[in-house]
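Results of the structural survey
Here is how the chains run, residue by residue.
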Amino acid sequence: MDSNPDSGPSQLPTALPIKIQGLTKKYGSMYALDSVDLDIKSGEFLTLLGPSGSGKTTLLMAIAGFNRPDAGSIRFGDEEMILKAPHQRGVGMVFQSYALFPHMTVAENIAFPLKLRGVAAAESAERVDTALATVQLSGLGDRDIDQLSGGQRQRVALARAFVFRPRILLMDEPLSALDKKLREQMQIELKHLHEQLGVTTVYVTHDQREALTMSDRIAVINEGKLTQVDTPHVIYNRPANAFVADFIGESTMLPLTANESGGLQFDDHLIAHDHAGDAGSEWSLVIRPERLFVIGDEVIDPEKTVVFPGVIREFVFQGDTAFALASIGEQHNLSFRFGTDSSSSQDTLHPGDSISLGLHRSDVIIIPRDRKP
Amino acid sequence: MSSTTINKAGNELMNAKELRADGVREQRLLLSLATPALLAVIAIIVIPVGWLFYLSFVGNDGHLSLENYQKMIEYKSYARTFVTTFQVSLLTTLLCILIGYPLAYFLAIMPARLAGFFMLAVLLPFWTSLLVRTYAWLVLLQKNGILNDFGMAAGLWDEPIKLVHNLTGTLIGMAHIMLPFLVLPLYSSMRKIERDMMHAAANLGASPIQAFWKVYFPLSISGMVAGSLIVFVLCLGFYVTPAVLGGGRVVMVATQITAILENQFNWGAASALGVVLLVATLVILFAVSKLFKLDNALFGKH
Amino acid sequence: MHNSPKQAHRVRKMLLATGLTLSTALATGFAAADPITVVSWGGSYGAAQDAALFTDASKNSGIEIIRESGASMSKTCLQVESGSVTWDLVVTGSGGAASAAAKGCLEKIDYSVVDVSTFYPNLYTDYCVGSDVFATVMSWNTDKYGEPGSPGAPKSWADFWDVKKFPGTRAYRANNVDGALEPALMADGVAPEDVYKVLSTKEGMMRAINKIRELKPHIAVFWGSGAQQAQLMKDAEVDMSTGWNGRFDNAKKDGAKVGYTFNQALLDYDCFAMPKGAPNKDVAMKFLNEISKAEYQANLPFHITYGPTNQKAYEVTTASKELIEALPSHPKNVPMMLPVSLDFYAQHRTEALELYMELLSE
């Protein structure tokens, strides 16, 4: 255990940056990771987001050292880690299955990494207590693992992962086994914990809402490649491509055509005046359902708002919001979502009603058209 | 009127009595399913064991007496036989663990399909008669047997090594026969250990050796104890293998029971030996269950 | 448990009996009856009895038999005590028959049916009829110690015990005391005629046990059966062994380098006994008479070198002089041997066995 992050004095940095370059891992002829480059800043909360099989877990496992990539570099700070065994990397990790040791009590589980690092019994006990308090499980140290609820196990797994003060914390879909309510509560708690510990955190999830809630930055991964790495705000509002636009949030995509003056049009609606694209390249308009609004009697400034006339096809009341589908033109549908209130008459839209939908020009998202449907 | 048929307000509940009766009927039906097993246990365990107990207190003259037990104290051969029996059983069990643990581990970390193939090799001896396997070891191990011939031809040793007709041969033969009984429960308990456990241990700073001893091994103990108990208890009653490979030097309880029956036709004395073996075994099982939380081992709690 | 297949077997046998041997049955005056069950031991012994006695006697008498292996007096007693006797005639050692008779497990032999007028007088009792005479001898590997009678070959039990003069390994009896103590006393210097007198006291038994204990480090194997005696010598697993002369002769026929001496051997006999309440008592008694006839016993030496119990067999046999002289019961050999005392075993077997087992379990 040559890299022992715990033995040093407290002036050691509490977090380390991670620099990944050219990381490649093939399973047979399939690329699980295809030359991935990623810089994770010190203390950052970065989420790897992607559908199952996208390579996000492979990437996390490579950082932890549980699989052997075919090529590439992983550096923690200045130190090359690619050839280091997992137990030499000094990263904390929370597993999807929690991987708590059933033959140990809660306290023994949490003390496990401390014992391996030769921390004295008294200090170890104190740090276990602190960790338990941090995850709000004070007094449960003597419990057996099988006496705990799912949420409690999750907290123990978390406490065990940070008790030895790792400078990097990895989490592999840690909340996926919890029910929705508990999951949302834990998201907030994890976010606070991260702020408190200040440790570089890499978080894997396939849940885009979770990613948007918690992350400083999101790395969207698909088919072994990073497709966009940016803040949740940018990822949501300015998706770089169709995959990101489609995978994160709900959206409708409309094909755009370039006109002679360099503007982009959908049917006869001018969407962008002078889009700096190569002549002949194809673009799509991405519309988030909640950015559309129903135009009533008010006066609309066409400079600021695009107006789509249409006909309601479907209407669904979902409690806090309502969801509707309207056809525009011959071939296209627009889905839109709006808040409900108990007195509003809008929740009584009926299929067949004619309607005008408005979209502020600031909400217009233009991306290159994906050739694959 | 029963409290369960009226609600808090004191009104009679709809169909409450009938539903309760239905519940009772269902339980009785389930209980009746256990009857054949219960009868079988009585017929093949309780009655014969009870008969064994009774016979052990019948003296040679047909009257109730303690002479069969007194004889066991009077002659030293009985105590020695019990010591030998437990010694051989314990050593066989340890040998099985020594060979079986790495084998089960090897199978458990293999892809399931490949493991199935190798498991077949482990189980193969099950399909050969016990006697044939035992004599096969005799042919292999005896003074002018295949192993000694090979060893001397290859110049590994000059004089034939005594491998059989002693404790060594008995242990080799018994361990071979008992191995699957250890490997099967051990393998199944190892398969249940999640891969993440070892990842977690490594991630928390345990070297592969530390991870094995602090995490993997403790989690496999339940399967190991279950398998060891099966092996140990089966060994206690073993007759053929020690008789053939022990060369008459490894006198176990079963051997002595046979000797008593063949020479004295004395059922009482033979039964008394059986009773003492049974009681000693139960005492040991009880002690082990206290030590290892046997219910976990036997019913696979994880 | 054995009933249904056996019954099926019986039915088959009966059909065969009516079909095939009806004529013989009629000719010899017996009505076709249930087949009787005759139980012997495995290995060359049972095979020899089949060849010399059972097959021909069955054919000539018209009595159908079912042959089983695994004869044992304890199983006989178990059948008798549990009231489910299926055996009619059982082979046993003379001592075993005496013990079983004492336990009340055996039927008295009806000597008005079984003719023993030409038998040696001490080879039948109220409960069993001698079938053959055998000897418990010392055998050795002739490659190692020379052919019997050659200079330097072992001659007495003292030689069996002498591991300086005859270095090598020994085999001795396991889990049964019959014939195990006598050789030790003779090796210790007791004259053969005094052996049973000495053994009748606890001190005498201990003297024998201690003598065996002295040899124990050199006893590589304790044998449990006649088949094992033969196998041990055939495989040269041990250099000297106690055992039954006929087994060694048959091993020699199979190519084993084995020889033995009748000097100081224990002269004993096997016999046929009938379990109390045997299902076909009367027919079995007739069959016992048939196989005790000299004409059958005369053929036994061709298959195993055990002597006849019916003296007349010596007159009618066609065996060579050489073969006859090799039989334990031949007048030339008898004087060299110590006849086994049934009295000793009747009185002392239980204690002797306990002491012997104590030694074995050490």
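Residues numbered from 1 in each chain as written. Chains lettered and ligands numbered in written order. Predicted model: local features only at pLDDT ≥ 70, side-chain atom pairs only at ≥ 80, totals over all residues. Heavy atoms only, no water.

Pairs can form between side chains of opposite charge once their charged atoms are near each other. For the structure shown, the criterion picks out 30 salt bridges over all chains. We note a salt bridge from K225 of chain A to D34 of chain A, for which the minimum N-O separation is 3.6 Å. With a gap of 191 residues between them, K225 of chain A in strand β10 (residues 225-230) and D34 of chain A in strand β2 (residues 30-40) connect regions that are remote in the sequence. Note on K225 of chain A: relative accessible area 46%, which makes it partly exposed. Using a relative accessible area of 24% as the deciding quantity, one classes D34 of chain A as partly exposed. Between R67 of chain C and D50 of chain C there is a salt bridge, with its nearest N and O atoms 2.6 Å apart. Taken as a pair, R67 of chain C in strand β2 (residues 65-69) and D50 of chain C in helix α3 (residues 43-61) lie far apart in primary sequence, 17 residues in all. Judged by relative accessible area, which is 25%, D50 of chain C ranks as partly exposed. Each member of the salt-bridge network shares a partner with another, and the members are D188, R207, K211 and E214 of chain C. (Salt bridge = Lys/Arg side-chain N within 4 Å of Asp/Glu carboxyl O. Helix = DSSP H or I, 4+ residues; strand = E, 2+ residues; numbered from the N terminus. Buried < 20%, exposed > 50% of the residue type's maximum accessible area, 1.4 Å probe, protein only.)

Another point: the interface of chain B and chain C. The interface is formed by 27 residues belonging to chain B together with 37 residues belonging to chain C. Carbon and sulfur atoms make up 49% of the surface buried where chain B meets chain C, a total of about 2800 Å² over both sides. The interface formed by chain B and chain C contains 2 salt bridges. Between D239 of chain C and K143 of chain B there is a salt bridge whose closest N-O contact spans 3.8 Å. Along the contact surface separating chain B from chain C lie 18 residue pairs in polar contact (both at pLDDT 80 or more). Breaking the side of chain B that touches chain C down by element, the ones donating at least two residues are α4 (76-108) and α12 (253-264) of chain B. (Contact = heavy atoms within 4.5 Å. Buried area = accessible area lost by both parts, 1.4 Å probe. Polar contact = N/O pair within 3.5 Å; in protein donor to acceptor, adjacent residues only side chain to side chain.)

Counting through the fold element by element, S139 of chain C comes out in strand β4 (residues 128-141). Classification of S139 of chain C by relative accessible area gives buried; the value is 0%.

Before going further, it helps to examine the domain arrangement of chain C. Residues and elements named next belong to chain C. The domain architecture assigned to chain C consists of domain 1 (5-133 + 270-322) and domain 2 (135-268 + 333-360). One C-alpha centre belongs to domain 1, the other to domain 2; they are set 29 Å apart. Across the contact, 15 residues belong to domain 1 and 12 residues belong to domain 2. Where domain 1 abuts domain 2, roughly 1100 Å² becomes buried across the two surfaces, and 45% of that area is made up of carbon and sulfur atoms. One can count 0 salt bridges joining domain 1 with domain 2. (Domains from an automatic or database assignment.)

By contact count, the dominant pairing among the 2 pairs of chains in contact is that of chains B and C. Chain A shows no contact with chain C. Their nearest C-alpha atoms sit 44 Å apart.

Moving on: a negative patch on the surface. Residues and elements named next belong to chain A. A contiguous patch of negative charge, built from E108, D142, D144 and D146, is present on the exposed surface. The topology assignment puts D146 in the loop between α3 (121-134) and α4 (150-162). On the basis of relative accessible area, D146 is assigned to the partly exposed category, the value being 45%. (Patch = residues over 30% accessible without salt bridge, like charges linked within 9 Å, V, L, I, M, F, W, Y side chains within 5 Å. Areas by Shrake-Rupley, 256 points an atom, 1.4 Å probe, with all protein chains shown as cover. Lys, Arg positive; Asp, Glu negative; His and termini not counted. Charge placed at Lys NZ, Arg CZ, Asp CG, Glu CD.)

Residues and elements named next belong to chain C. In this structure the tally under the stated criterion is 2 disulfides over all chains. In this model C77 forms its disulfide with C105; the gap between the sulfur atoms is 2.1 Å. Taking the sign of the torsion about the S-S bond as the criterion, the disulfide between C77 and C105, at about 110 degrees, is right-handed. Of this pair, C77 sits in helix α4 (residues 73-81) while C105 sits in the loop between α5 (94-102) and β4; the two residues are 28 residues apart in sequence, bridging distant segments of the chain. Using a relative accessible area of 1% as the deciding quantity, one classes C105 as buried. There is a disulfide in this structure between C128 and C271, and the S-S distance comes to 2.4 Å. Sign of the S-S torsion, about -90 degrees for the bond between C128 and C271, identifies this disulfide as left-handed. Taken together, the residues span a long stretch of sequence, with C128 in strand β4 and C271 in strand β8 (residues 258-273) at a distance of 143 residues. (Disulfide = S-S within 2.5 Å.)

Right, let's talk about the interface of chain A and chain B for a bit. Contact with chain A, which involves 22 residues of that partner, is made by 19 residues of chain B. Summed over both sides, the interface of chain A with chain B buries roughly 1800 Å², with 68% coming from carbon and sulfur. Where chain A touches chain B, the interface holds 0 salt bridges. For the pair chain A and chain B, the number of links is 7 residue pairs in polar contact (both at pLDDT 80 or more). Looking at which element gives the most residues to the side of chain A that touches chain B, the answer is helix α2 (residues 106-116) of chain A, with 3 residues. Each residue belonging to the side of chain A that touches chain B can be placed in one class, and the counts come to 15 nonpolar, 4 polar and 3 charged. (Nonpolar A, V, L, I, M, F, W, Y, C, P; charged D, E, K, R; others polar.)

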